[in-house]
Amino acid sequence: MKTILVDPSLCIQCCDCQIACKDEHCDNDWSPLAAPQEEGQFWIQVREKQVASGSRMRQERVPVMCQQCKDAPCIAAAQAGAGHPEAAYRREDGIVIFDTDKARGCHEIMDACPYGVVYWNDVLDLPQKCTMCAHLLDVGWERPRCVAACPRDALRFVDTSELVPENMYAPLEHLHSEYETNPSVAYVNIPKPFIAGEVYSPTEERCLDDVSLTLVNESTLQKWNAKTDYFGEFKIEDISDGSYTLILDKEGYEGKRIERLEVHGALNAGSIALYRTPC
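Analysis parameters
- Residues numbered from 1 in each chain as written.
- Predicted model: local features only at pLDDT ≥ 70, side-chain atom pairs only at ≥ 80, totals over all residues.
- Heavy atoms only, no water.
- Pairing = 2+ DSSP bridges.
- Helix = DSSP H or I, 4+ residues; strand = E, 2+ residues; numbered from the N terminus.
- Buried < 20%, exposed > 50% of the residue type's maximum accessible area, 1.4 Å probe, protein only.
- Arc of directions from axis to C-beta.
- Contact = heavy atoms within 4.5 Å.
- Core = buried A, V, L, I, M, F, W, Y, C linked by side-chain atoms within 4.5 Å.
- Salt bridge = Lys/Arg side-chain N within 4 Å of Asp/Glu carboxyl O.
- Axes fitted to C-alpha atoms, helices over the stretch in contact; angles between N-to-C directions.
- Phe/Tyr/Trp six-rings, centres within 6.5 Å; stacked < 30°, edge-to-face > 60°.
- Lys NZ or Arg CZ within 6 Å of the ring centre and 35° of its normal.
- Lys, Arg positive; Asp, Glu negative; His and termini not counted.
- Polar contact = N/O pair within 3.5 Å; in protein donor to acceptor, adjacent residues only side chain to side chain.

Structural notes on the sheet that holds strand β9 (residues 186–187)
- An order of β8-β1-β9 is seen for the three strands of this open sheet, with the pairing classed as mixed. Looking at the sheet topology across the chains shown, the edges are occupied by β8 (155–159) and β9.
- Note that strand β1 (residues 2–6) and β9 share two bridges and pair parallel. Paired with L5 across the two strands is A186, which belongs to β9.

Right, here's the structure in full:
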């Protein structure tokens, strides 16, 4: 069984994957696996956003397509809805398919997807999404069009048996694991929230290196430790969204505690002043 392995850190948003998908599916009918893709749909899309601000701003790009879930909400919706129970099904190779005849009129299928990757074709009255180019794989193609088009290997078509920790150059992840859909599509290097800033001494007019920082999640009490570099800069990565307390300490300087730092994607904490301890 094969799936797509996505590494967002390699994505340069060239959009070759989207172009290849449209070249394959617009005005082409691959029924019963896929009807022609309607204008305005992106069966694979590079979701982009800016986090933090100023010189600490980061541009994040994450390719997203149907996650080919083992516990697919769209299949459950088809079986529970008023439509045909076989309107959505999972093939033996793990690909989730919407039957182009049986899925007509089944809005429940589109509404059930928590990833927002199922689209509605008004002309055909049909839910549509990425099929992982099943029609090509069935005739011997080695990989879907989007994977073949990616110049940076941000998308790879791999055997699921390869997706074990000892084969990975980064921890294996799944997109929105909180959805509990057991997706087949796998990720590495999904962008994580961070907090960054600089520490300086206003009276001495210089940056402060080797400042000890402790970041505490105010809900979970999980802690991260870091130090400022030669330029007084710090960056604490791989955290989660939430409210934080930042504690700063350096010998010879008054300590500082900053509470209720709200992180949503990332936070530029700006310039933080420390003062010499009075003699």
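Topic: helix α2 (residues 73–80)
- Restricting attention to buried positions, one finds in α2 the residues C74, I75, A77 and A78. In an axial view of α2, the angular spread of the buried residues amounts to 160 degrees, which keeps them on one side of the axis. Of the exposed residues in α2, the ones pointing more than 90 degrees away from its buried face are Q79 and A80.
- In this fold, the buried residues of α2 make contact with β4 (88–90), β5 (96–98) and α3 (107–112).

A word on the nonpolar core
- Ranked by size, the top nonpolar core spans 49 residues in total, and within it I4, M65, F98, I109, L155 and Y187 carry the most contacts.
- Dropping the residues within four chain positions of it, M65 is found in contact with I4, V6, W43, I44, V117, C130, L155, V185 and Y187.
- Ranked by size, the runner-up nonpolar core spans 19 residues in total, among them L215, W224, I236 and V263.

A closer look at the pattern of salt bridges
- Evaluation of the coordinates by the stated rule reveals 15 salt bridges.
- Residues D210 and K227 are paired through a salt bridge, measuring 3.8 Å at the closest nitrogen-oxygen approach. Of this pair, D210 sits in the loop between β11 (206–207) and β12 (212–217) while K227 sits in strand β13 (residues 223–227); the two residues are 17 residues apart in sequence, bridging distant segments of the chain.
- For K227, a relative accessible area of 48% puts it in the partly exposed group.
- Of the charged contacts in the structure, one is a salt bridge between R257 and E259, with a shortest N-O distance of 3.0 Å.

Considerations on the pairing of β1
- Within β1, four of the five residues are buried, leaving the element largely enclosed by the surrounding structure.
- As paired strands, β1 and β8 are joined by five bridges and run antiparallel to one another. Counted as the bridge partner of L5 is R156 from β8.

As for the sheet that holds strand β16 (residues 256–263)
- Strand order in this open sheet of four strands is β13-β12-β15-β16, and the pairing throughout is antiparallel. The outermost strands of the open sheet, each flanked by one partner alone, are β13 and β16. Between one strand axis and the next, the sheet turns by 20 degrees as a mean value, whatever way the strands run.

Some remarks on the environment of E108
- Mapped onto the secondary structure, E108 falls in helix α3.
- Counting along the chain gives 34 residues from E108 to E142, while the straight-line C-alpha distance between them is 33 Å.

Quick look at the pairing of β16
- Relative to β16, strand β15 (residues 242–249) is paired through six bridges, and the arrangement is antiparallel. The partner of Y244 across the bridge, within β16, is L261.
- Connecting β15 to the next strand, β16, in antiparallel fashion are six residues, including G252 with a positive phi near 90 degrees.

Here we look at the packing of aromatic side chains
- All chains considered together, the criterion is met by three aromatic pairs.
- Where Y115 meets Y179, the ring centres are 5.1 Å apart and the plane angle is 75 degrees; that geometry is what we call edge-to-face. Of the two residues, Y115 is situated in the loop between α3 and β6 (119–121) and Y179 in the loop between β8 and β9; the sequence distance between them amounts to 64 residues.
- Residue classification places Y179 among the partly exposed residues on the basis of a relative accessible area of 31%.
- Here K129 stacks its cationic end above the ring of F98, 5.3 Å away from the centre of that ring.
- Its end group placed over the ring of F194, K235 keeps NZ or CZ at 4.5 Å from the ring centre.

Points about the side chain of T100
- With respect to the helices and strands, T100 occurs in the loop between β5 and α3.
- Once you skip the residues sitting within four places of it in the chain, T100 turns out to touch S31, P32, L33, A34, A35 and L126.

Section: the side chain of D7
- Checked against the element boundaries, D7 lands in the loop between β1 and α1 (16–25).
- At 7.4 Å, R156 is the nearest oppositely charged side chain to D7, a buried residue that forms no salt bridge.
- Side chain to side chain, D7 and S9 meet in a polar contact 2.5 Å long.
- A polar contact of 2.4 Å, which involves the side chain of D7, links it to the side chain of Y169.
- Excluding its chain neighbours within four sequence positions, the residues that come into contact with D7 are A154, Y169, V188 and N189.

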